[in-house]
Amino acid sequence: MKQNIMGKLKSLPTFIKENIIAIVVAVIIGRFGYCIIDDHFDVTNKVAKLMGYFFVFLFIVMMSYVYLHRAGIKDRLHKLYLFVGVIVGTMFLIMIPIFCVPDEIFHFKDAYHVSNEMLGIHDPDEDTLTMRECDTKMKMNKTEYGNPIVYAKYIRSIFSGIVSHETDLVVTDTGKNYGQDYLYIIPAIGLTLARLLHLGSTQMFLLGRFFNLLFFVACMSYAIKKTPVGKLGFFGIGLLPIVLQQAASLSYDVMINALAIVTVAVSLALLDEESASKMKIRDYVVYTLAIGFLIPTKGHAYMLFALLPIWILLKNWWKMRKAGLAKVFAKGSLCRKLLFVLCGVVAINLIVFVVQKTIGSSGPAATIFAPHMIEWCDQEGYYVDVLMENPDLRFQIIYKTFAIYFDEYWAETFGNALGWMNIEVPPTLIYIWFLLMAVLFMKRKQEKMLTTGWDKVILCLIFVLTVGFVLAGMLFGWTPMVYNYVLGAQGRYFIPVLALPLLLMRTAKIEIDEEYDGDLCFWSLALTALIVIFVFVSHDVKL
């Protein structure tokens, strides 16, 4: 019997024998996806069922392509992400119903305001918003999508009512929420195009999402191309379910995450002399814009990203200090270019500050230094004097926040809770993602270590303090004083700094060969396929 089996195996074509694992995995995912989608949607939900089948088919095609072209995939990884990011991101764009990403209804209103400005439509005042009549009928039904019948109705609505005839403008009693218009320029372009084409409300909403997705994928691809180390790690970050969900939404998280990832990737390139020598003027312009527009976001919670160019400048100055300042800042030198970058960052932030003051935005100081009421509960919130007078309270807030929420923050950062925190991805898949991300960021034998010694100290400092700033923002802006721990923080707030701890885990003592990069890409896609299937059929959960 054993000899008979071995004989049959030897008779298999060489191609099948060399790729048997990939073939088995693709068949399992295809079969699993078919069965679970078929069981979930009944015959009345043909559109949703066919869409699910198509998603599974696309994953099998992408996985097959990656596996068959895995040799030397590192050099093509940025192009591969353009292809994979748009396809998988579009799946999330469609799967997560409108208004079902956290706070998306508020981001929609701000993006719509920017769209009005593009079309020359001026709202009467800040508390109103001029909208098409059909768009005023859009509702946030985040709890109703737990019913697969309602969800299937949403899927069908994507392909119906494509042209809207209710285009008369009406003034609604709702206004802007977040105030930083530049964060909504990209989705506003999509909304504006849809309005010019008289598309329906659902189609307009999804087109705005799609423009945001294209922007994020382009920035992620640029980051993968520029970074000299951890390319596969950045590829993995771009496939995380929570990252793709936010990228395929109207949220300003899209802009924040993209700018942060570009900042980290270009900083790594500047730390490497060979990569820095290949940087062009446009790369420094991108670097300046990324840092400059990242700093003012979320109440300046991510302002410490500005330490990266400062550190690189100081590091290069220290190496060349004996040559004199004239040579250190000579024309074409890295220090001189970084000095211009920092000047540009300062200029951008001054402009943003002046604009915010002009439009009457009070900024974070209004909630940090003065007594104030928390809007959602109408209770008094924390401010600096309270914490300064109670050192024990400071320690208690820090300890209890991490004791209560650390597991939640960690799981949400890797995509455990999608939608409006009501779509749970199986924890096993999240643990696998975490382990896979650690492997993706490992040092390759052919790579330089790059971040050592003080580099790691700076990265650690930025990570720890930024997490602290994010939590402080939620403490001052969202947490009533009746609580002795921070309320409202979510794992998605830590996505901009996610690459930093993963880079800190890199060590010269643990290396893997680049020949496994193609296999790791394949397994990343396989894991993403399973998560997409679970998310697609998760709309019968009890919310």
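Residues numbered from 1 in each chain as written. Predicted model: local features only at pLDDT ≥ 70, side-chain atom pairs only at ≥ 80, totals over all residues. Heavy atoms only, no water.

K.L.:
What is the right way to read the nonpolar core from this model?
P.N.:
For soluble globular proteins, the rule of thumb is that nonpolar side chains tend to be buried together. Membership of the largest hydrophobic core comes to 175 residues, with the highest contact counts inside it found for F234 and L270. The element best represented in this core is helix 12 (residues 253–271), accounting for 15 residues. Beyond its immediate sequence surroundings of up to four residues, L270 is in contact with A276, M279, Y284, Y287, I312, L334 and L338. (Core = buried A, V, L, I, M, F, W, Y, C linked by side-chain atoms within 4.5 Å. Buried < 20%, exposed > 50% of the residue type's maximum accessible area, 1.4 Å probe, protein only. Helix = DSSP H or I, 4+ residues; strand = E, 2+ residues; numbered from the N terminus. Contact = heavy atoms within 4.5 Å.)

K.L.:
Explanation requested: the packing of aromatic side chains in the structure shown.
P.N.:
Two aromatic rings are characterised by how far apart their centres lie and by the angle between their planes. Summed over all chains, the structure comprises 24 aromatic pairs. For the ring pair F54 and F57, a centre distance of 6.5 Å and an interplane angle of 25° mean the geometry is stacked. Placement of both F54 and F57 in helix 4 (residues 46–68) is noted, with a separation of three residues, approximately one turn of the helix. Taking the relative accessible area as the measure of exposure, F54 reaches 46% and is therefore partly exposed. (Phe/Tyr/Trp six-rings, centres within 6.5 Å; stacked < 30°, edge-to-face > 60°.)

K.L.:
Looking at this structure, I do not really get unusual backbone geometry. What am I missing?
P.N.:
The backbone phi angle of F99 is positive, close to 70°, even though this residue is not glycine. Within the element layout of this structure, F99 appears in the loop between helix 5 (77–95) and helix 6 (104–118). Here D103, not a glycine, exhibits a phi torsion of approximately 65°, which is positive. Among the secondary structure elements, D103 is positioned in the loop between helix 5 and helix 6.

K.L.:
Explanation requested: the packing of helix 8 (residues 185–196) against helix 9 (residues 201–226) in the structure shown.
P.N.:
The description of two packed helices rests on the angle between their axes and on the distance between the axes. Relative orientation of the contacting elements helix 8 and helix 9 amounts to 145°, with a least axis distance of 7 Å. Note on packing geometry: the crossing formed by helix 8 with helix 9 is right-handed. Contacts from I186, P187, I189, G190, L191, L193, A194 and R195 in helix 8 reach M204, F205, L207, G208, F211, N212 and F215 in helix 9. Of the residues belonging to the contact of helix 8 with helix 9, the class tally is 11 nonpolar, three polar and one charged. (Axes fitted to C-alpha atoms, helices over the stretch in contact; angles between N-to-C directions. Left-handed = near helix turned anticlockwise from the far one by under 90°. Nonpolar A, V, L, I, M, F, W, Y, C, P; charged D, E, K, R; others polar.)

K.L.:
Explanation requested: the pattern of salt bridges in the structure shown.
P.N.:
Where side chains of opposite charge bring their charged atoms close, a pairing between them can arise. What the rule picks out here adds up to 18 salt bridges. With a shortest N-O distance of 2.7 Å, E104 and R209 are connected by a salt bridge. Of this pair, E104 sits in helix 6 while R209 sits in helix 9, and the two are 105 residues apart along the sequence. Each member of the pair, E104 as well as R209, is classed as buried. A salt bridge links D253 to K298, with the shortest nitrogen-to-oxygen separation between them at 3.5 Å. (Salt bridge = Lys/Arg side-chain N within 4 Å of Asp/Glu carboxyl O.)

K.L.:
Which parts of the structure should I look at to understand the packing of helix 12 against helix 14 (residues 281–294)?
P.N.:
The contact between helix 12 and helix 14 brings their axes to 9 Å, and the two run at 135°. For the element pair helix 12 / helix 14, the angle class is oblique. Crossing of helix 12 against helix 14: the hand is left-handed. Contacts between helix 12 and helix 14 involve I256, L259, A260, V262, T263, V266, S267 and L270 from the former and Y284, V286, Y287, A290, I291, F293 and L294 from the latter. (Parallel < 35°, antiparallel > 145°, perpendicular 65-115°, else oblique.)

K.L.:
Got a minute to help me understand a positive patch on the surface in this structure?
P.N.:
Side chains of K79, K225, K280 and R282 sit close together on the surface and give a patch of like positive charge. By the secondary structure assignment, R282 is in helix 14. (Patch = residues over 30% accessible without salt bridge, like charges linked within 9 Å, V, L, I, M, F, W, Y side chains within 5 Å. Areas by Shrake-Rupley, 256 points an atom, 1.4 Å probe, with all protein chains shown as cover. Lys, Arg positive; Asp, Glu negative; His and termini not counted. Charge placed at Lys NZ, Arg CZ, Asp CG, Glu CD.)

K.L.:
What should I look at first to understand helix 20 (residues 391–413) in this one?
P.N.:
For an α-helix, 3.6 residues make a turn, and residues three or four places apart therefore share a direction. The largest bend along helix 20 reaches roughly 60° and is located at Y405. Those residues of helix 20 that fall on the buried side of the exposure criterion are L393, I397, T401, Y405, Y409, A411, E412 and T413. Those residues of helix 20 hidden inside the fold are in contact with helix 11 (241–247), helix 19 (384–389), strand 5 (417–418), helix 21 (427–440) and helix 22 (454–478). The positive-phi residue at the C-terminal boundary of helix 20 is G415, with phi of around 95°. (Bend = angle between axes of the 7 residues up to and from the residue.)

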